[in-house]
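# Structural features, examined
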Amino acid sequence: MTSAEERPARLKVGVVGAGRVGAVLGAALRSAGHQVVAVSGVSDASRRRAAELLPGIPVVPVEEVVAQAELVLLAVPDDALTDLVAGLSATRAWQAGQLVVHTSGRHGLDVFAPALPFHVLGLAVHPAMTFTGTAMDIARLADCCFGVTAPEPLRPVAEALVLEVGGEPVWIEERHRALYHAALAHGANHLVTLIAQSMEALAAAGVTDPHRMLEPLASAALDNSLRAGDAALTGPVARGDVGTVAEHLRQLEPLSPDIRSTYVALARATAERALASGRLRPTAAEPLLDILASDQER
């Protein structure tokens, strides 16, 4: 296999937004043989990230990035994407035939509507991964799925870009884009909150290394749930141990308020799913749901 330096560059890539995602994907495309020609970044952190992951690439205003690129990578926050596309359209910054790829999970192709009169080729390519904004993320792309939405004629182009950086393309219909993103945010972002809360509670219980204690358990629970779904459920809620759950609530009372409220909300959801799947008997579920409901009403 030839190195990136030995392969001819195929597309001139401009990265709009040297955040955690943009800088990493730009570096991955560069490793795949494309030529990154420019990057934009406003904050000091973005500029440092660009220097580390895209050394030698000039940091210039957004309009200059777009002017130099055959493939424009829009890696900005979801809520900023619509205004960015509209603004670049209003200033006639686009070039006809230009590939424009955004990395938003929430948005599909509708966001490109203002740019269509300029004949850009819009693609939605979202990496289902959490990013640190460092070189370690590039290796993670090899095990990463990307949610792809594109016009049917451009589907092979979008999928090829994903494959080039080592990812796996997964087709997401336009109408399901926001639901797809909600599912990922719920499963990953909220997991961070849950684990952080658990480590805080362990520390309050006198555990000197909460990470060491929790990692094997959480890793096994995640692996089991990915393999078996609801069938992987264990613990006091699934068993209907009302007394244990009540004691948990008492012990969580002095900690950060968000921990107890999260415990109650997740215990209730767990009980309802266990009840629906037949893992929790109705006679055991009723007192459990009652104590959780009364706690929520406090």
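Residues numbered from 1 in each chain as written. Predicted model: local features only at pLDDT ≥ 70, side-chain atom pairs only at ≥ 80, totals over all residues. Heavy atoms only, no water.

Now for the packing of helix α7 (residues 177-204) against helix α11 (residues 257-276). Put simply, α7 and α11 touch, their axes get as near as 10 Å, and they point 120° apart. Here α11 runs oblique to α7, going by the angle between their axes. For α7 against α11, the interelement crossing comes out left-handed. The residues of α11 that touch α7, namely those facing L194, Q197 and E200, are D258, I259, T262 and L266. Across the contact of α7 with α11, the residue classes tally to three nonpolar, two polar and two charged. (Axes fitted to C-alpha atoms, helices over the stretch in contact; angles between N-to-C directions. Helix = DSSP H or I, 4+ residues; strand = E, 2+ residues; numbered from the N terminus. Parallel < 35°, antiparallel > 145°, perpendicular 65-115°, else oblique. Left-handed = near helix turned anticlockwise from the far one by under 90°. Contact = heavy atoms within 4.5 Å. Nonpolar A, V, L, I, M, F, W, Y, C, P; charged D, E, K, R; others polar.)

Before going further, it helps to spend a moment on the nonpolar core. Formed by 32 residues in total, the largest nonpolar core has its most connected members in V39, L71, V101, L123, V125, L141 and F146. Contact partners of V39, with chain neighbours within four places excluded, come to V15, A18, A50, L54, I57, P58, V59, V60 and V65. Among the nonpolar cores identified, the runner-up in size contains 22 residues, and V16, V65, L88 and V111 belong to it. (Core = buried A, V, L, I, M, F, W, Y, C linked by side-chain atoms within 4.5 Å. Buried < 20%, exposed > 50% of the residue type's maximum accessible area, 1.4 Å probe, protein only.)

Moving on to unusual backbone geometry. Most peptide bonds take the trans configuration, and most residues that are not glycine carry a negative phi. Positioned with a positive phi, R92 is a non-glycine residue whose angle comes to about 55°. Along the polypeptide, R92 turns up in the loop between α4 (78-90) and β4 (99-102). With relative accessibility at 65%, the residue R92 sits in the exposed group. Residues other than glycine seldom take positive phi values, yet H119 does so here, at roughly 60°. Position of H119 relative to the elements: it lies in the loop between β4 and β5 (121-127). H119 sits in the exposed class, given a relative accessible area of 55%.

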